[in-house]
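Spelled out, the chains give:
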Amino acid sequence: MIRIAPSILSADFSNLAADVKRVENAGADLLHIDVMDGNFVPNITIGPGVIASLKDKTRLPFDVHLMIMEPERYIENFVKAGADIISVHVETCMHLSRTISLIKEYGVKAAVALNPATSLSTLDYVLQDLDMVLLMTVNPGFGGQSFINSMINKIASLKKIIDEKKLIMDIEVDGGINSDNISSVINAGANVIVSGSAIFKSKDIKGTIERFRTAG
Ligand code: DX5
Ligand code: ZN
């Protein structure tokens, strides 16, 4: 089943609760929340305080994408803020297996994110422990960037590995998803679709979400 996760990076931060409600009412399945530290990525966004303030404003599960160095130091804070899924970047974790275990100990779904240039082989020994893999289809840091076309093959390769190992997990894609590439992304094997600018800039958010969901 295809699930759509609007990224609030493209929302109006001065009206965050209203924008969250907008995408919820338009049929979103998850709320994608981008946390950036100005160190791992060249941008700074929001932290656990803002996330916690949204928790009683929506019924959507929180899909928290941590683009921060040493994420293990903050997992507890994000769990307490209401995260339902936490993604950490493989490039930021000194002890990736330990960080995955830590996330799961809190009863939260664990995902690992890979930058476009990071090999799938970095997941060889942890894949079976994950609920989801997040493949970045742009270099992380900003909304509104162009989709990197070579990521279609990467999605397909990951899907093949997951099927060969008979694992059951989600493949999330994030960055530059729009009506031109959504079908290829889904047909390659992605089933959780993050979209920031394409959804928030749309004049018909409900229609865009529905078209994305059924594009495969
Ligand atoms: C980029 C973020 C994305 C971003 C996607 O670093 O992880 O979630 O908000 O935005 P679009 O869909 O505009 O590329
Ligand atoms: Zn993201």
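Residues numbered from 1 in each chain as written. Chains lettered and ligands numbered in written order. Predicted model: local features only at pLDDT ≥ 70, side-chain atom pairs only at ≥ 80, totals over all residues. Heavy atoms only, no water.

A.B. asks: Which residues make up the pairing of strand β3 (residues 62–67), and what are the values?
C.D. replies: Strand residues, when the strand is regular, have side chains that alternate between the two faces of the sheet. The element β3 is largely enclosed, with a buried count of 6 among its 6 residues. A two-sided burial pattern is seen for β3, the buried positions comprising Phe62, Val64 and Leu66 on one face and Asp63, His65 and Met67 on the other. Of the pairings in the sheet, the one linking strand β2 (residues 31–36) to β3 comprises 6 bridges and is parallel in character. From the neighbouring strand, Val35 faces β3, where its bridge partner is Leu66. (Buried < 20%, exposed > 50% of the residue type's maximum accessible area, 1.4 Å probe, protein only. Helix = DSSP H or I, 4+ residues; strand = E, 2+ residues; numbered from the N terminus. Pairing = 2+ DSSP bridges.)

A.B. asks: Talk me through the site of ligand 1; I want residue IDs and the actual numbers.
C.D. replies: Residues in close proximity to ligand 1 total 20 residues, the closest being Ser7, Asp34, Asp174, Gly176 and Ser197. Between an oxygen atom of ligand 1 and a side-chain N or O atom of Ser7, the distance comes to 2.8 Å. Between ligand 1 and His65 there is a distance of 3.3 Å, counted from an oxygen atom to a side-chain nitrogen or oxygen. With the chains in place, 100% of the 380 Å² that ligand 1 exposes on its own is no longer accessible. Put simply, the parts of the chain that give the shell around ligand 1 at least two residues each are β2, β3 and β8 (192–195). Of all the elements, β2 adds the most residues to the shell around ligand 1, at 3 residues. (Near = heavy atom within 4 Å. Polar contact = N/O pair within 3.5 Å; in protein donor to acceptor, adjacent residues only side chain to side chain. Areas by Shrake-Rupley, 256 points an atom, 1.4 Å probe, with all protein chains shown as cover.)

A.B. asks: Tell me what's going on with unusual backbone geometry, and back it up with residues and numbers.
C.D. replies: Residues other than glycine seldom take positive phi values, yet Glu70 does so here, at roughly 50°. Here Lys166, not a glycine, exhibits a phi torsion of approximately 55°, which is positive. Mapped onto the elements of the fold, Lys166 is located in the loop between α5 (151–164) and β7 (170–174).

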